[in-house]
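# Analysis of the macromolecular model
Here is how the chains run, residue by residue.
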Amino acid sequence: MKKADRIYYGGDYNPDQWDDATIDEDMRYFKEAGINLLTLPVFSWAKLEPDEGVYDFGWLDRIIDKIWENGIYVCLATPTTAQPAWLSTRYPEVLPVDIQGRKRTHGMRVFFCVNSLKYRERAAAVAEEMAKRYAHHPALAMWHVSNEYGTYCYCPTCQAKFRLWLRRRYGTIEELNKRWHTSFWGRILTSFEEVTLPTELNDDYRFNPAIQLDYMRFVTDSTIECFQNEYDVLKKYNPEIPIQTNMSGFIKKLDQFAMTKHLDIVGWDNYPWPTDPAYFIAMKHDIMRGLKGGQSYVLTEQSPNQQNWQPYNKLKRPGEVRLLSYQAMAHGADTCLFFQMRQSIAGQEKFHGAVITHAGHNNTRVFRETAALGAELEKIGQAFLEGRVKARVGMILDWNNWWALELSSGPSQDMDYLKTFSKYYKPFYEKNIPVDVLSTESSLEGYSVIVAPMLYMMKDGIAEKLQKFVEQGGTLLTTVMSGLADENDRCIFGEYPGPLKDILGIWVEETDALRPEEQNIIKIKDGGESGMTFGRESYSCGFLCDIIHLRGARGLASYGEDFYAGSPCVTRNEYGKGRAYYVGTQPEDDFLLELTGLIAEEAGIEPLYPAAAGVELTARENERGCVVFAINNNEESAWVDFGDERLENLMTGEAVTGRTMLAPRDVIVAKINKDN
Amino acid sequence: MKKADRIYYGGDYNPDQWDDATIDEDMRYFKEAGINLLTLPVFSWAKLEPDEGVYDFGWLDRIIDKIWENGIYVCLATPTTAQPAWLSTRYPEVLPVDIQGRKRTHGMRVFFCVNSLKYRERAAAVAEEMAKRYAHHPALAMWHVSNEYGTYCYCPTCQAKFRLWLRRRYGTIEELNKRWHTSFWGRILTSFEEVTLPTELNDDYRFNPAIQLDYMRFVTDSTIECFQNEYDVLKKYNPEIPIQTNMSGFIKKLDQFAMTKHLDIVGWDNYPWPTDPAYFIAMKHDIMRGLKGGQSYVLTEQSPNQQNWQPYNKLKRPGEVRLLSYQAMAHGADTCLFFQMRQSIAGQEKFHGAVITHAGHNNTRVFRETAALGAELEKIGQAFLEGRVKARVGMILDWNNWWALELSSGPSQDMDYLKTFSKYYKPFYEKNIPVDVLSTESSLEGYSVIVAPMLYMMKDGIAEKLQKFVEQGGTLLTTVMSGLADENDRCIFGEYPGPLKDILGIWVEETDALRPEEQNIIKIKDGGESGMTFGRESYSCGFLCDIIHLRGARGLASYGEDFYAGSPCVTRNEYGKGRAYYVGTQPEDDFLLELTGLIAEEAGIEPLYPAAAGVELTARENERGCVVFAINNNEESAWVDFGDERLENLMTGEAVTGRTMLAPRDVIVAKINKDN
Amino acid sequence: MKKADRIYYGGDYNPDQWDDATIDEDMRYFKEAGINLLTLPVFSWAKLEPDEGVYDFGWLDRIIDKIWENGIYVCLATPTTAQPAWLSTRYPEVLPVDIQGRKRTHGMRVFFCVNSLKYRERAAAVAEEMAKRYAHHPALAMWHVSNEYGTYCYCPTCQAKFRLWLRRRYGTIEELNKRWHTSFWGRILTSFEEVTLPTELNDDYRFNPAIQLDYMRFVTDSTIECFQNEYDVLKKYNPEIPIQTNMSGFIKKLDQFAMTKHLDIVGWDNYPWPTDPAYFIAMKHDIMRGLKGGQSYVLTEQSPNQQNWQPYNKLKRPGEVRLLSYQAMAHGADTCLFFQMRQSIAGQEKFHGAVITHAGHNNTRVFRETAALGAELEKIGQAFLEGRVKARVGMILDWNNWWALELSSGPSQDMDYLKTFSKYYKPFYEKNIPVDVLSTESSLEGYSVIVAPMLYMMKDGIAEKLQKFVEQGGTLLTTVMSGLADENDRCIFGEYPGPLKDILGIWVEETDALRPEEQNIIKIKDGGESGMTFGRESYSCGFLCDIIHLRGARGLASYGEDFYAGSPCVTRNEYGKGRAYYVGTQPEDDFLLELTGLIAEEAGIEPLYPAAAGVELTARENERGCVVFAINNNEESAWVDFGDERLENLMTGEAVTGRTMLAPRDVIVAKINKDN
């Protein structure tokens with residue numbers, strides 16, 4: 001990303017919807033608000049290429065020049081998310097077939113088959129035209145390819161490509177039969193040509209986890225190819241300009257670790273729900289930072305006010321957008337971008353918040369808040385850009401695992417990987433202990449604690465990696481539904497939890513599923529043995545209850561009820577120089593807060609600073625130093641105690657030290673003085 | 001409508017389901033019950049035309065003659081609602097394609113493409129055959145075309161016609177692009193041939209309000225053409241006979257103001273739900289009366305007992321059918337017709353109530369109630385026929401507005417035009433202040449108060465009309481979600497509420513959406529300023545909350561909570577000789593009862609008569625005088641006070657004056673003596 | 001069924017999923033657990049016939065020999081439930097079209113058109129290959145055809161066959177028009193070629209009960225043909241071996257009385273939900289026994305532990321599988337089979353319980369319980385095999401009635417035949433009075449009481465049969481929604497309940513439908529008249545309320561509320577030497593417990609033995625004597641009093657007599673000593 005004198009601040013701008021006078025006015029407003037980056041022209045393919053191979057870029061030339069004249073950078077988007085109607089009409093093959101087997105008609109955005117060769121040909125062509133023109137334009141800060149990928153298509157092209165993909169993956173149909181365990185329910189195939197896509201037409205989309213799993217991998221791979229198709233064209237013209245694509249929130253349907261290997265920078269759209277707690281949003285930011293191993297990312301979109309597509313679109317309260325913006329930066333964002341700069345007057349999103357509303361002027365609450373934030377960011381300048389978060393706790397997240405776990409029929413329909421992941425993220429967040437999100441491929445070096453909730457799928461090598469980590473002194477914390485299946489969702493033969501059973505020192509014989517209204521009890525054992533002391537004698541638990549036999553581990557707690565009352569539900573096993581914890585049920589949050597606290601203490605990990613509940617703390621460090629973010633998510637004032645450390649408040653220039661009060665919803669961004 | 005000596009009383013009759021002996025018995029029962037109109041043969045196309053162009057009308061000749069011999073008139077229905085199977089089989093083009101893109105197979109009624117030329121050809125032919133035979137039959141009181149139109153079709157014929165319709169409407173593709181604002185989400189079209197229908201196949205049926213809006217207009221226009229096709233044939237043979245079609249309840253999917261321009265009389269089927277309050281049914285009657293500017297209408301169907309198609313089909317309580325019948329007449333109906341006279345022994349509706357039940361005889365509660373009502377209607381005679389209701393309050397209702405408002409994504413999913421409309425209708429109803437329902441094209445002359453709830457769409461001229469109305473001394477009452485969009489659902493640029501902001505003297509900067517469980521408070525300002533005194537200091541409100549800036553208006557009340565507490569939520573603006581009220585939220589009913597009471601008082605509008613709660617009063621006036629309806633919707637006795645006025649009870653001949661008691665669920669129909 | 005020395009114990013086994021070593025290990029485990037029957041190869045078509053007409057049975061030969069060497073019998077399944085992919089690919093006609101009109105693609109099991117000639121040809125061929133090889137194998141205990149039939153197909157073949165079926169049934173299109181009452185809604189047909197299938201494409205699947213009813217009959221007939229196709233082939237090779245097919249639970253979509261006429265033995269899969277009360281499971285067992293007139297049946301599947309396909313798959317508690325197994329035997333099962341013997345490692349059901357789990361060894365709770373039950377069954381030996389239950393109460397169950405009743409639109413959407421049936425079954429169950437389930441074709445001889453809840457459809461002859469039964473001294477108990485329609489769902493003209501009105505001595509004029517939250521009251525009349533004394537003065541009732549006129553019957557109780565308060569709701573009519581009861585509403589359970597108690601007492605029917613609540617008692621008698629089952633469904637100990645009778649506990653050999661205690665969830669299986 002071309003470096004600016006401060007964080008990129010701005011967002012999506014659709015000048016093709018406006019006349020020149022309005023655009024000129026916008027430029028004045030943008031400068032007033034401290035805007036220094038605009039993303040465009042995301043949806044302008046039909047305008048840029050009104051007929052096949054006929055380009056009209058004049059209007060865009062003028063816009064980009066005008067933007068640059070106003071000192072604003074451009075994030076240039078290939079407009080390939082919404083193909084022109086003529087393309088769909090002339091080449092219906094670019095339109096997808098849906099999971100019901102229905103050929104779609106033109107309409108909507110993100111509405112093409114990612115495997116269509118014709119789509120790829122035309123997308124590359126328009127991207128090339130754009131690269132030729134602007135790859136060396138001084139305004140160009142970065143590329144933005146297409147928009148919010150995520151279409152699943154079931155057309156004949158996809159079917160043919162899937163068969164090829166499988167042939168490449170498995171070599172022979174015998175190997176595929178084995179991997180998919182097709183002897184179950186009589187599904188043996190005699191040729192790759194007999195593979196049918198998992199749709200509603202054969203119910204494989206809900207009754208055949210093996211094929212679904214591979215289809216999800218295939219769609220990720222196809223989407224990467226589709227992205228790479230444009231990436232390669234853009235790179236050809238100027239390899240210096242970084243390329244990203246914005247991910248639609250944090251989505252399950254594409255493996256984002258796989259995708260982001262092919263991006264220069266991660267881009268994502270943060271649209272929290274009013275009901276999302278702060279820790280949940282923070283977790284998503286940490287995931288985004290984790291996608292490229294801790295590299296800072298591009299916050300490509302957030303709303304400057306209410307959304308339009310939620311059931312009840314609450315206004316963002318005063319200060320709320322500022323809070324969310326700093327939260328993003330605190331966790332690794334190096335941009336702060338809005339969708340959108342000027343509110344569209346029509347279409348599905350006409351009531352979506354924008355910096356400049358339908359009122360058309362700058363005398364609005366939203367604009368004033370935007371401009372105030374812009375002024376602050378100018379003061380902060382480059383202080384934390386490219387800064388890294390340092391964490392000793394790593395949490396393993398895996399898309400393949402997510403898919404397989406939730407495709408599973410039984411033991412409970414409420415299997416929710418992300419919710420479970422967040423339940424284990426939350427206590428670290430609340431203690432302001434930084435967490436890195438890792439893939440199954442990440443190195444575990446440098447971490448003291450690895451948390452792997454519901455690590456259902458045992459990819460090749462992961463068990464060995466965890467084993468080595470524990471042997472060498474690390475602490476592993478894992479849970480019910482771990483260690484069960486291989487990469488093709490075949491259960492691992494032998495006692496559960498499969499390849500983790502030695503590290504954990506247990507055998508899980510059975511797993512009971514409780515109804516939402518049912519509960520069991522976690523009874524803490526006398527702490528003498530384990531050396532761990534919990535605040536209460538018992539905690540509630542539910543959802544799933546493993547029936548565990550100890551095979552070397554010690555029981556930290558046992559069930560209080562049902563026919564398996566008295567049998568262990570939380571265990572700890574000394575293994576090599578380290579130890580491995582297993583939580584065989586879903587405990588209430590208080591238990592996890594205590595357990596993770598004891599584990600962190602044992603590993604010598606401490607919070608960044610002491611602070612009142614609801615105060616979120618992070619630190620980002622770059623070559624210029626370390627910047628601390630303190631965010632008060634409370635509606636009341638709250639303290640943070642910097643102790644003896646002396647910091648400089650980057651918005652005010654004032655010194656910050658010791659016990660410091662934050663106003664309701666207020667934020668401190670402060671640099672640690674090097675001579676501390 | 002050919003005039004009878006009294007109101008038309010009777011209903012749908014399907015003699016093709018019965019043998020001669022049964023039909024003869026029916027005639028005896030009908031006379032016993034005072035029946036003087038039968039509607040037929042609604043579903044007999046296949047019987048009348050067993051093969052293409054081969055007609056068999058002999059049986060119908062005999063039936064109609066027999067009916068007329070028994071002194072009963074006929075409402076003659078073209079049987080085109082259910083095409084014969086041979087027509088669908090021979091010409092599959094008559095069958096519709098549904099919103100999922102699926103070609104339908106033969107079955108069901110109202111199951112044809114309204115744009116199918118073959119359907120129209122055959123429908124006109126059978127209608128012509130009928131007209132030739134019966135247009136001058138003495139029994140013929142009126143025509144009834146088809147039945148409950150309302151099919152949405154998405155077949156290639158409709159697609160082609162829609163493109164033509166758009167070309168006629170917008171002239172050029174550039175104009176269409178502008179009107180539909182296709183630059184949003186990259187939907188620019190280069191030719192009308194690229195227009196695709198808004199179906200589930202492209203998700204435009206939920207994500208593209210502009211095209212949906214035009215498609216709904218197009219379906220209304222197509223349905224009108226389909227109706228007109230038969231209308232013209234029927235008129236050719238006897239222009240004297242009035243023509244109607246029965247509307248399926250009060251439906252959203254066809255613009256009924258547009259449709260009824262093409263009818264001689266409005267016809268509609270009243271099937272209230274057991275849970276519908278009386279005011280809600282009254283409102284629908286007033287809407288029906290409003291469709292043709294106050295002209296009385298034909299109540300084409302109601303059930304003489306329980307329905308069969310509701311989830312729980314409660315029996316109509318004793319007296320309930322009588323009450324509902326008089327309510328219809330009180331609001332403008334000039335017929336009282338049932339579906340149906342004799343209960344079908346099979347099919348989907350075999351358990352639907354009928355005057356003659358499966359028991360087959362007249363010794364039933366339903367028959368006795370029917371006959372008693374028939375006797376009363378005979379006494380009342382022509383007294384109120386063609387009588388008009390006089391109202392000084394007009395409420396604007398607009399189908400295009402209804403569609404656009406509810407198509408809108410944001411600010412809340414709970415947008416419900418009809419519910420909001422009914423919330424403003426209700427307080428006038430409760431005060432027995434007559435209300436006329438007006439279209440956006442209606443003249444406002446003669447009205448003192450115009451209520452326009454959620455007038456979201458500002459059609460050309462409507463703002464000017466309201467402005468003139470207020471300038472000249474009228475009172476306007478409008479609400480949140482008004483003045484926002486144009487006829488293509490493009491938001492009106494500039495401060496809200498767009499062209500209404502001057503009349504209202506306000507700027508609505510933002511609109512908050514509350515969850516159903518959330519509330520705010522309306523705090524009444526000291527009434528000194530506005531001269532308005534409310535009964536309480538505060539009321540609850542919810543759903544939506546406008547944040548309003550006063551630009552000349554005065555705040556009558558302000559919010560009690562949230563970050564916009566203290567800002568105005570109900571305003572009043574003096575404008576010209578009149579005034580305009582704005583309610584920027586959804587208040588509890590008590591507030592609206594008081595506000596509309598104060599507004600009515602200010603305009604010098606009084607209730608018809610004082611009466612106990614739950615007593616519904618209306619008056620219909622024709623050249624023969626004025627007839628008052630007093631309907632006690634209570635389960636207990638209740639009073640009405642006619643004061644000094646002297647009336648004649650038309651059922652009993654007795655004089656009515658002063659404070660008069662109504663038995664539970666009882667009705668008085670009384671004529672005002674002219675010498676009063 | 002070839003007789004073994006004891007009940008067949010075992011279940012589904014899929015050796016094609018395992019290697020030889022595992023299979024050998026399985027054999028050891030099976031012997032340890034007392035297993036003596038294995039069902040296979042249900043899903044192995046593709047393995048047995050890898051290409052059209054190319055068979056590979058070698059592996060199966062070896063398996064069957066090995067099984068037999070281990071002293072275990074085989075239930076040999078034709079593998080036709082899951083056709084090979086090559087068959088679907090080469091002949092797409094075998095794939096069904098669904099109710100949405102969509103051609104399905106290959107996938108899933110039970111996924112073929114039962115009318116496909118190609119499917120039938122290939123199914124017969126593979127069945128013949130199997131019969132040739134194994135029809136005289138000493139291990140062969142019985143045949144098992146296909147698996148869980150129940151596919152509804154709407155393909156062109158089915159349409160053509162349905163037209164033929166109708167032609168055969170009705171002869172002329174005029175007769176069809178009459179039977180389907182096509183004059184309603186204008187559906188008259190001029191040719192059988194105009195018949196369209198009742199699908200979502202014409203909404204006949206929900207709006208046309210007549211065609212739906214016939215289509216459901218047609219699918220049953222088609223499924224029977226499809227089954228018979230294989231049956232005939234198998235019989236040809238060895239007529240001695242009995243043939244069954246396992247029914248998927250107790251399903252509505254196939255008429256199981258019709259189907260089981262074509263089976264030698266009834267087979268069914270018992271998968272109760274954790275929330276199913278014991279009486280409900282018992283009722284299903286009694287239904288299964290009733291399907292072939294009291295003949296014992298094959299329990300083809302049950303789970304040895306939790307299922308995987310329920311929302312929350314609770315573990316089967318210790319002892320629960322044993323309890324459910326004995327309950328099945330108590331009601332007529334002559335096998336005790338599990339799905340499955342060894343847990344599949346992958347696929348949709350990988351988490352379904354199995355005798356040998358993924359752990360792979362026998363040291364599990366499930367295995368121990370299985371082996372313990374196996375040991376008990378060995379002791380019991382042949383004691384109750386082929387034993388019959390003797391009942392004096394018969395309950396009429398009819399699939400056509402079930403379909404028609406629930407297809408009906410009105411009076412209430414909550415019409416639930418099976419629930420109503422179970423409400424009348426329950427009180428007999430609770431009193432341990434044996435009940436036989438009868439079809440409308442069953443002889444009523446030998447029964448004292450016939451219960452026919454909601455006998456809506458009056459098939460030819462049923463009214464006469466009931467009339468004769470009552471005349472000759474029997475007691476009939478029937479209810480609301482009885483006597484209304486004929487076999488084509490045409491209402492029976494005249495007063496309700498049609499042909500039952502004389503026996504019952506009443507006229508039902510109207511039927512009110514109550515919302516779930518509404519209730520009425522059953523007020524008991526002074527018992528002096530009827531001689532019946534109830535424990536309370538009133539009971540609640542709801543759902544439907546008939547308004548009844550007495551025509552000879554006496555009212556036992558009347559409504560306490562609503563406009564029909566005081567009119568009778570429960571009646572009793574003396575008729576011939578017998579009497580007929582009518583319950584015109586849905587009473588609370590307590591009322592039915594008392595009413596059926598009084599009716600049983602009147603008929604001189606007594607419980608098997610006195611016992612505490614929750615203790616289930618049955619007796620099965622064969623030529624070797626009578627075996628009593630006492631099952632304690634309680635979580636606490638409970639008593640049964642055998643009085644003076646002396647029995648022998650078949651598990652322990654001990655004598656049992658007098659008041660005997662059962663431990664929680666315990667079971668006694670005891671033989672009555674003949675010299676009693």
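Residues numbered from 1 in each chain as written. Chains lettered and ligands numbered in written order. Predicted model: local features only at pLDDT ≥ 70, side-chain atom pairs only at ≥ 80, totals over all residues. Heavy atoms only, no water.

### Some points on the interface of chain A and chain C
Applicable threshold: A contact between two residues is defined here by any heavy atoms of the two lying within 4.5 Å. Each salt bridge in this description consists of a side-chain nitrogen of Lys or Arg and a carboxyl oxygen of Asp or Glu lying within 4 Å of one another. Pairs of N or O atoms within 3.5 Å make up the polar contacts considered here, provided that, within protein, one atom can donate a hydrogen while the other can accept it, and that residues adjacent in sequence are counted only when both atoms are side-chain atoms. Numbering of helices and strands runs from the N terminus; a helix is a DSSP stretch of H or I covering at least four residues, while a strand is a stretch of E covering at least two. Polarity classes work like this: nonpolar for Ala, Val, Leu, Ile, Met, Phe, Trp, Tyr, Cys and Pro, charged for Asp, Glu, Lys and Arg, and polar for all others, with Gly in that last group.
Taken together, the 53 residues of chain A in the interface contact 52 residues of chain C. Put simply, chain A and chain C have seven salt bridges between them. Two residues, A:Asp562 and C:Arg317, come together in a salt bridge whose shortest N-O distance is 2.5 Å. Counting the contacts that link chain A with chain C gives 33 residue pairs in polar contact (both at pLDDT 80 or more). Elements with a contribution of two residues or more to the side of chain A that touches chain C: α8 (204-207) and β14 (506-513) of chain A. In terms of residues, the side of chain A that touches chain C owes the most to one element, β14(A), which gives six residues. Tallied by class, residues from the side of chain A that touches chain C come to 21 nonpolar, 16 polar and 16 charged.

### Here we look at the interface of chain B and chain A
Selection criterion: Buried area adds together the accessible area that both of two parts lose upon being put together, with accessible area traced by a 1.4 Å probe.
At the interface, 53 residues of chain B touch 52 residues of chain A. Carbon and sulfur atoms supply 55% of the area buried between chain B and chain A, which totals about 4,600 Å² over both sides. Here chain B is connected to chain A by seven salt bridges. For A:Arg365, the salt bridge identified is with B:Glu510, shortest N-O distance 2.8 Å. Linking chain B with chain A are 32 residue pairs in polar contact (both at pLDDT 80 or more). Of all the secondary structure elements, the ones that give two or more residues to the side of chain B that touches chain A are α8 (204-207) and β14 (506-513) of chain B.

### Describing the domain arrangement of chain A
Quick reminder of the rule: Those domain boundaries reflect an automatic or database domain assignment.
Each assigned domain of chain A is listed with its residue range as follows: domain 1 (8-152 + 235-380), domain 2 (393-602) and domain 3 (615-672). One C-alpha centre belongs to domain 2 of chain A, the other to domain 3 of chain A, and the line joining them spans 34 Å.

### Some thoughts on the pairing of strand β2 (residues 37-40) of chain A
Consecutive residues of a regular strand have side chains that alternate between opposite faces of the sheet. Residue and element names in this part refer to chain A. What counts is decided by this rule: For every residue, the accessible area (1.4 Å probe, protein chains only) is compared with the maximum for its type, and the residue is labelled buried under 20%, exposed over 50%, or partly exposed between those bounds. The pairing criterion is simple: DSSP has to find at least two bridges between the two strands. Crossovers are marked right-handed if the path from the first strand over the helix to the second runs clockwise, as seen with the strands pointing away from the viewer.
Burial along β2 is two-sided: Leu37 and Thr39 facing one way and Leu38 and Leu40 facing the other are all buried. For strand β1 (residues 8-12) and β2, the ladder comprises three bridges, and the chain directions are parallel. Bridge assignment links Gly10 to a residue of β2, and that residue is Leu37. Taking the sense of rotation as the criterion, the β-α-β connection linking β1, helix α1 (residues 20-32) and β2 turns out right-handed. For β2 and strand β3 (residues 73-77), the ladder comprises four bridges, and the chain directions are parallel. Of the residues in β3, the one forming a bridge with Leu40 is Leu76.

### Some details on the state of the cysteines
Cysteine pairs can be linked by a disulfide, which is a covalent bond between their two sulfur atoms. All names here are of chain C. The condition that has to hold: Disulfides are defined as cysteine sulfur pairs within 2.5 Å.
All chains considered together, the criterion is met by zero disulfides over all chains. Between Cys541, a cysteine without a disulfide, and Cys545, which holds the nearest cysteine sulfur, the sulfur-to-sulfur distance is 4.6 Å. Given a relative accessible area of 3%, Cys541 falls into the buried group. Among the residues examined, Cys545 registers a relative accessible area of 0% and is labelled buried.

### A word on the relation of the copies chain A and chain C
To go from the first copy of the chain to the second, apply a rotation about an axis and then a shift along the same axis. Selection criterion: The least-squares superposition of copies is restricted to C-alpha atoms, and to residues with a pLDDT of at least 70 in both copies.
Of the transformation placing chain A onto chain C, the axial shift is 0.1 Å and the rotation is 120°, giving an RMSD of 0.1 Å. This pairing of chains is accounted for by a three-fold axis. Every residue of chain A has its C-alpha some distance from the rotation axis, and the shortest such distance is that of A:Arg102, at 5.5 Å. The residues that chain A uses at the interface reappear at the interface of chain C in only 2% of cases, marking distinct surfaces.

### Topic: the confidence of the model for chain A
Note the following rule: A residue's pLDDT is the confidence the predictor assigns to it, expressed on a 0 to 100 scale.
The share of residues in chain A with pLDDT of 70 or more is 99%, and the mean pLDDT across the chain is 96. As scored by the predictor, the complex reaches a pTM of 0.96 and an ipTM of 0.95.

### Some points on the environment of C:Phe250
Residues and elements named next belong to chain C. By the secondary structure assignment, Phe250 is in the loop between β6 (246-247) and α10 (256-260). We classify Phe250 as buried; its relative accessible area is 9%. Along the sequence, Phe250 and Trp268 sit 18 residues apart, while their C-alpha atoms lie 7.7 Å from each other. In contact with Phe250, not counting residues within four places along its chain, are Gln256, Trp268, Lys284, Ile287, Met288, Leu397, Trp399, Trp402 and Leu418.

### A short note on the relation of the copies chain B and chain A
Once chain B has been moved 0.0 Å along the axis and rotated by 120°, it coincides with chain A to within an RMSD of 0.0 Å. In this assembly, only 2% of the residues forming the interface of chain B have copies in chain A that are likewise at the interface, indicating a heterologous arrangement.

### Describing the side chain of C:Ser439
Residue and element names in this part refer to chain C. Inspection of the secondary structure assignment puts Ser439 in the loop between β11 (435-438) and β12 (449-452). Take Ser439: its relative accessible area is 11%, and that puts it in the buried class. Engagement of the side chain of Ser439 in a polar contact is seen with the backbone nitrogen of Glu441, the distance being 2.9 Å. Each residue touching Ser439, except ones within four places of it in the same chain, is listed here: Phe257, Ile396 and Leu397.

### Describing the sheet that holds strand β8 (residues 298-301) of chain A
All names here are of chain A. Across the sheet, three strands lie side by side as β6-β7-β8; this open sheet has parallel pairing. Every other strand in the sheet has two partners, leaving β6 (246-247) and β8 as the edge strands with one partner each. Both strand β7 (residues 267-269) and β8 contribute to a ladder of three bridges, which runs parallel. The partner of Asp269 across the bridge, within β8, is Glu301.

### Section: the packing of aromatic side chains
All names here are of chain A. Test applied: When two rings of Phe, Tyr or Trp (its six-membered ring) have centres within 6.5 Å they constitute a pair, described as stacked for plane angles under 30 degrees, edge-to-face for angles over 60, and tilted for the intermediate range. For a Lys NZ or an Arg CZ to count as sitting over a ring, it must be within 6 Å of the ring centre and within 35 degrees of the ring normal.
Taken as a whole and judged by the stated rule, the model has 108 aromatic pairs over all chains. When the ring of Phe250 is compared with that of Trp399, the centres are 5.5 Å apart and the planes differ by 70°; the resulting orientation is edge-to-face. One end of the pair, Phe250, is in the loop between β6 and α10 (256-260); the other, Trp399, is in helix α14 (residues 399-407), with 149 residues separating them in the sequence. Comparing Phe250 with Trp399, the two get one shared label, buried. Geometrically, the ring pair formed by Trp273 and Trp309 is edge-to-face, given 5.9 Å between the ring centres and 70° between the ring planes. Taken together, the residues span a long stretch of sequence, with Trp273 in the loop between β7 and α11 (278-291) and Trp309 in the loop between β8 and α12 (320-331) at a distance of 36 residues. The class of Trp273 is partly exposed, set by a relative accessible area of 37%. Exposure remark for Trp309: the relative accessible area of 33% places this residue in the partly exposed category. A connected cluster of aromatic rings, assembled from ring pairs, spans Phe250, Phe257, Trp399, Trp402, Tyr417 and Phe421. One Lys or Arg, Arg342, reaches over the ring of Trp18 and ends 5.3 Å from the middle of that ring.

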